[in-house]
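Residue-level structural notes
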Amino acid sequence: MKILFFCPRWGHDHVEWDVFLQNVKQAGYDGVEATLPFDEKKKALILSGFEKHGLQLIAQHYETVEKNLETHCKQYEQRLLNLAATKPLFINTQTGKDYYTFEQNKQLIDLARTISKETGVKIIHETHRGKFSFAAHITGLYLDKIEDLRVTLDISHWCNTAETFLHDQQEAVDLAISRTDHIHARVGYTEGPQVSDPRAPEWKEALDFHLQCWDKVVALKQKENAAYLTINTEFGAPPYLPLLPYTRQPVVSQWDVNVFMMNLLKERYK
């Protein structure tokens, strides 16, 4: 099984696309996870850069935040169709609202399934605060009731939500791992979704917990004879990345931490 590593566009929006993609390629990534604009000319220019640098695209949806469900559904559909038209490797979507009912969120999950069938583009749902999948035990209910639901595992959010490393929610965690097709390799902790620096010894417990979860995903995919597994080293920009008070200088380089995570996992899973 091949493991493909993706770099987040998040935090690098200020860098011109061609320069960014060149840096991504030189660092050793296989592709980028990013959203795309509706403007066809801008979108075509971005996609030509992926082709030029030999990189793959995971399309990312996170923008739909409208409270009204009817409007939310329309915007969600428009954005997913816009991404699917580019034929990415797949779409990773942050879906629904934590305050929507099960049936309301299921309406969006069902809509994503319909779009996936119509376009031939796989769509999976990211575990994320504020969405239907904001906590391990709640996501477990959706996974129990929706048999074809597949997820991007970003377990950092669940540590933050539960204020634990989920040792008392192993059944829900294992169920999510069994349905995982993509990993966001950010390390969270019990009071936040991102540690200041995963290289620092004080974060060893947090790093080890996340590594153990990712190890299970890799082992399961190998057992299933999957062709590949994708990992996005998704340490983010401020406010995820802590800033020093007054000067507002980042405590670490987002780029360096993500490259560190990629190389750590390449060595671990080679």
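Each residue is numbered by its place in its chain's sequence as written, counting from 1. The model is predicted, so local features are restricted to residues of pLDDT at least 70 and side-chain atom pairs to those at 80 or more, both for listing and for counting; the totals for chains, interfaces and linings are taken over all residues. Calculated side-chain values reflect all of the structure's heavy atoms, with hydrogen atoms and water omitted.

Here a strand is any run of E in DSSP of at least two residues, a helix any run of H or I of at least four, and the numbering for each starts at the N terminus. Inspection of the secondary structure assignment puts Q169 in the loop between α6 (156-162) and α7 (170-178). Burial classes follow relative accessibility: with a 1.4 Å probe on protein chains only, a residue under 20% of its type's maximum area counts as buried, one over 50% as exposed, and anything between as partly exposed. Here Q169 falls in the buried class, since its relative accessible area comes to 18%. As for Q169 and A112, which are separated by 57 residues in sequence, their C-alpha atoms are 28 Å apart. Every residue in contact with Q169, bar those within four places of it in the chain, is listed here: A136, H137 and A162. It only takes one pair of heavy atoms within 4.5 Å for two residues to be counted as in contact.

This part covers the environment of L89. By secondary structure assignment, the location of L89 is in the loop between α3 (69-84) and β4 (91-93). Judged by relative accessible area, L89 falls into the partly exposed class, the value being 24%. Sequence separation of L89 and Q56 is 33 residues, and the distance between their C-alpha atoms is 7.0 Å. Look past the residues within four positions of L89 in its chain and what remains in contact with it is L4, F6, Q56, L57, I58, Y228 and T230.

Another point: the nonpolar core. Throughout, nonpolar core names a set of buried Ala, Val, Leu, Ile, Met, Phe, Trp, Tyr and Cys residues whose side chains join them through atoms within 4.5 Å. Residues F50, I91, I155, L166, V187, W214 and L265 are the most contacted members of the largest nonpolar core, which totals 73 residues. With eight residues, the top contributor of residues to this core is helix α8 (residues 204-223). Sequence-distant contacts of W214, that is, excluding residues within four places in its chain, are made with I183, H184, A185, R186, V187, M261, L265 and Y269. Formed by five residues, the second largest nonpolar core is a distinct cluster that contains L4, F6, F90 and I124.

Attention shifts here to the pairing of strand β5 (residues 123-126). One bridge is not enough; two strands pair if DSSP finds at least two bridges between them. Bridge count between β4 and β5: three bridges; the pairing is parallel. Each residue of the ladder has a partner; that of N92, found in β5, is I124. Whether a crossover is right-handed comes down to one check: with the strands pointing away from the viewer, does the path from the first strand over the helix to the second run clockwise; if it does, it is right-handed. Of the crossover connections in this fold, the one passing from β4 over helix α4 (residues 102-119) to the parallel β5 is right-handed. Here β5 runs beside strand β6 (residues 151-153); their pairing, made up of two bridges, is parallel. Directly across from H125, in β6, lies its bridge partner V151. As for the winding sense of the linkage, the β-α-β connection from β5 through helix α5 (residues 136-145) to β6 is right-handed.

Angles shown run from 0 to 180 degrees and are taken between the N-to-C directions of axes, each axis being a line fitted to C-alpha atoms and, for helices, limited to the stretch in contact. In contact at an axis separation of 9 Å, α5 and α7 are set at 50 degrees when each is read in the N-to-C sense. Considering the angle they form, α5 stands oblique to α7. You can see that α5 and α7 cross each other, and the crossing is left-handed. Only A172, L175 and A176 of α7 make contact with α5, whose side of the interface consists of A136, H137, G140, L143 and D144. A class-by-class count of the residues in the contact of α5 with α7 yields five nonpolar, two polar and one charged. Here is the rule for angles: anything less than 35 degrees is roughly parallel, anything more than 145 is roughly antiparallel, 65 through 115 is roughly perpendicular, and the remaining ranges are oblique. Crossings are sorted by hand: turned counterclockwise from the far helix by less than a right angle, the near helix makes the crossing left-handed, and turned clockwise it makes it right-handed. Residue polarity follows a fixed list, in which Ala, Val, Leu, Ile, Met, Phe, Trp, Tyr, Cys and Pro are nonpolar, Asp, Glu, Lys and Arg are charged, and the others, Gly among them, are polar.

Attention now goes to the side chain of K43. Tracing the chain through its elements places K43 in helix α2 (residues 40-53). Here a polar contact is taken to be a pair of N or O atoms separated by no more than 3.5 Å, where protein atoms must pair a possible hydrogen donor with a possible acceptor and residues adjacent in sequence count only if both atoms sit in side chains. Only 2.5 Å separates the side chain of K43 from the side chain of N82, close enough to count as a polar contact.

To pair, rings of Phe, Tyr and Trp, with the six-membered ring standing in for Trp, must have centres within 6.5 Å; the planes then decide the type, stacked if under 30 degrees apart, edge-to-face if over 60, and tilted in the middle. The tally for this structure, following the rule as stated, stands at nine aromatic pairs. When the centroid spacing of 4.8 Å and the interplanar angle of 55 degrees are considered together, the rings of Y189 and W203 count as tilted. Remark: W203 occurs in the loop between β7 (180-184) and α8 and Y189 occurs in the loop between β7 and α8; sequence separation between them is 14 residues. Take Y189: its relative accessible area is 23%, and that puts it in the partly exposed class. Residue W203 is classed as buried on the basis of its relative accessible area of 19%. Within the aromatic cluster, the residues linked to one another by ring pairs are W17, F20 and F50. The criterion is that NZ of a Lys, or CZ of an Arg, lies within 6 Å of the ring centre and within 35 degrees of the ring normal, and then a charge sits over that ring. The side chain of R9 reaches across the aromatic face of W17, ending 4.1 Å from its centre. One residue, K145, lies across the ring of F102, its end atom 5.0 Å from the ring centre.

Moving on, we come to α5. Residues of α5 that are buried include every one of A136, T139, G140, Y142 and L143, and no others. The arc that holds every buried residue of α5, seen down its axis, measures 165 degrees, which confines them to one face. Across from the buried face of α5, at angles greater than 90 degrees, the exposed residues are D144 and K145. In this structure, the buried residues of α5 make contact with α4, β6, α6 and α7. Directions are taken from the helix axis to each C-beta atom, and the arc is the one they span.

All quantities given are derived from atomic positions and should not be read as evidence of function.
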